Amino acid sequence: MEHLCRLHGWSLRSKPRRIFDAVIFSNELDMLEIRWHELSPYVSKFVILESNTTFTGIPKRLFFALNRERFSFAKQKIVHDIYPGRIAVPGSHEDPFVLESKQRGAMNALLRRAGISNGDILLMSDTDEIPSPHTLKLLQWCDGIPPIMHLELRNYMYSFEFPVDYSSWRATAHVYGPRSQYRHSRQTDVIFSDAGWHCSFCFQYISEFVFKMTAYSHADRVKRKYFLSHSRIQDIICKGDDLCDMLPEEYSFQELIKKMGSIPRSASAVHLPAYLIENADKFKFLLPGGCLRPPE
């Protein structure tokens, strides 16, 4: 580790920092299992907050609480709480980003209850944004790291068969301090390259795709009812097309042209989370050739 720290311009610590991994959880049980197995050797506490409503105010099951036994391998590290959501009144047009912000505020209190201290590493990321082990080892053992770094993650869509680019940057690693606040937005210009994986809409069942399309903060993109058709969603997953029939979200005309059309397939299964590869039969829907999904 001393050699790796020095290569980054840092020095070796006498003992590792504690790492707190904090996620606001919806329904991504498969991705959470992969994430926690991948990170467990390095993380001191898994802090997880879930709500009985979605960001859009739709009632939902407490997926983690109902499936807690699935994560018994990490039970000594888990700090879990439930945020009492608010059911949206029909026609009220409540802003889902307001509900999301309130849950991020509740996460700050939960982290303090979990025992986080100044100098610990705090990972702020969504469930499907998985830092790699090599990233966590550097954060643990190196002195002189920036107090806040965004994590550049390899971006995938629907499964690891469809690599998009390296544009995922919202995940962050913080050296925790008095001003640390749980966020999922731009916080610094410092970015740590090749820091892990982001697998968006990586679900096993079509019903899970429908749930996320109607539940998350960008649910307004579902502009037509047929967007939620199971046969349409299945066809799009296997083609690597866009679920909401939108142009790529890019700022330059050159980048927009490059990203129009289907995502090119990859047949590679290297440089992926180790737990995923070790359990390839269980998670074959996340690997090349596994695009067909059962309804539920």
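Given the structure is predicted, the values throughout are model-derived calculations rather than measurements.

Before going further, it helps to examine the confidence of the model for the protein chain. Per-residue confidence for the protein chain gives a mean pLDDT of 90; residues scoring 70 or more make up 89%. Predicted confidence for residues 247-258 stays below pLDDT 50, and this span has 10 contacts to residues more than four positions away or in other chains.

This brings us to the nonpolar core. Trp36 and Leu286 are the most contacted members of the largest nonpolar core, which has 49 residues in total. Taken together, domain 1 (1-200) and domain 2 (206-286) each give at least three residues to this core, which thus spans both. The residues contacting Trp36, other than those within four sequence positions of it, are Asp21, Phe46, Ile48, Phe64, Phe71, Phe73, Ala74 and Ile78. If you look at the next biggest cluster of nonpolar residues, it comprises 16 residues, including Ala22, Phe55, Val79 and Leu122.

Quick look at the state of the cysteines now. Taken as a whole and judged by the stated rule, the model has three disulfides. Across a sulfur-sulfur distance of 2.0 Å, Cys5 and Cys142 are joined as a disulfide pair. Between Cys5 and Cys142 the sulfur-sulfur dihedral comes to about -90°; the bridge is accordingly left-handed. One end of the pair, Cys5, is in helix H1 (residues 2-7); the other, Cys142, is in strand E7 (residues 142-143), with 137 residues separating them in the sequence. By the burial criterion, Cys5 is buried, and Cys142 matches it. Residue Cys199 pairs covalently with Cys202 via a disulfide, S to S 1.9 Å. Residues Cys199 and Cys202 share a disulfide whose torsion about the S-S bond is about -75°; that sign makes it left-handed. Along the protein chain, the cysteines that take part in disulfide bonds pair up as 1-2, 3-4, 5-6, counted in sequence order.

Turning our eyes to something else, we now look at the environment of Lys282. Position of Lys282 relative to the elements: it lies in the segment after helix H9 (274-278). Of the residues examined, Lys282 reaches a relative accessible area of 44% and is grouped as partly exposed. Considered as a pair, Lys282 and Asp30 are 252 residues apart in the sequence and their alpha carbons are 9.7 Å apart. Excluding anything up to four places from it in sequence, Lys282 contacts Glu33 and Arg70. In this structure the side chain of Lys282 is engaged in a polar contact, spanning 2.7 Å, whose partner is the side chain of Glu33.

Take the pattern of salt bridges next. A side chain of one charge can pair with a side chain of the opposite charge when the charged atoms of the two come close. Under the counting rule described, the total for this entry stands at 14 salt bridges. With a shortest N-O distance of 2.6 Å, Arg6 and Glu2 are connected by a salt bridge. Of this pair, Arg6 and Glu2 are both found in helix H1, four residues apart, which corresponds to roughly one turn of the helix. The exposed category is assigned to Arg6, whose relative accessible area is 58%. When its relative accessible area of 39% is taken as the criterion, Glu2 is described as partly exposed. Taking the shortest distance from any N to any O, the salt bridge between Arg18 and Asp120 comes out at 2.8 Å. Of this pair, Arg18 sits in the loop between strand E1 (11-12) and strand E2 (19-25) while Asp120 sits in the loop between helix H4 (96-114) and strand E5 (121-124), placing them 102 residues apart in sequence. Residue class for Arg18 comes out partly exposed when judged on its relative accessible area of 34%. Through salt bridges with shared partners, a single ionic network connects Asp30, Glu33, Arg70 and Lys282.

Turning next to the packing of aromatic side chains. Working definition: an aromatic ring pair is given by the centre-to-centre distance plus the angle between the planes. Scanning all chains against the criterion turns up 15 aromatic pairs. With a centroid separation of 5.8 Å and an interplanar angle of 70°, the aromatic rings of Phe63 and Phe211 are classed as edge-to-face. Note that Phe63 is positioned in helix H3 (residues 63-66) and Phe211 in helix H6 (residues 206-215), a separation of 148 residues in sequence. Under the relative-accessibility criterion, Phe63 is labelled buried at 12%. Grouping aromatic residues by their ring pairs yields a cluster made of Phe25, Trp36, Phe46, Phe64, Phe71 and Phe73. Above the plane of the ring of Phe201 lies Lys212, whose end atom (NZ or CZ) is 4.6 Å from the centre.

Quick look at the side chain of Asn27 now. Relative to the assigned elements, Asn27 resides in the loop between E2 and helix H2 (29-39). Asn27 sits in the buried class, given a relative accessible area of 5%. Side chain to side chain, Asn27 and Ser26 meet in a polar contact 3.4 Å long. Contact partners of Asn27, with chain neighbours within four places excluded, come to Phe63, Phe203, Glu208 and Phe211.

The rules we used
- Residues numbered from 1 in each chain as written.
- Predicted model: local features only at pLDDT ≥ 70, side-chain atom pairs only at ≥ 80, totals over all residues.
- Heavy atoms only, no water.
- pLDDT = per-residue confidence, 0-100.
- Contact = heavy atoms within 4.5 Å.
- Core = buried A, V, L, I, M, F, W, Y, C linked by side-chain atoms within 4.5 Å.
- Buried < 20%, exposed > 50% of the residue type's maximum accessible area, 1.4 Å probe, protein only.
- Domains from an automatic or database assignment.
- Disulfide = S-S within 2.5 Å.
- Helix = DSSP H or I, 4+ residues; strand = E, 2+ residues; numbered from the N terminus.
- Polar contact = N/O pair within 3.5 Å; in protein donor to acceptor, adjacent residues only side chain to side chain.
- Salt bridge = Lys/Arg side-chain N within 4 Å of Asp/Glu carboxyl O.
- Phe/Tyr/Trp six-rings, centres within 6.5 Å; stacked < 30°, edge-to-face > 60°.
- Lys NZ or Arg CZ within 6 Å of the ring centre and 35° of its normal.

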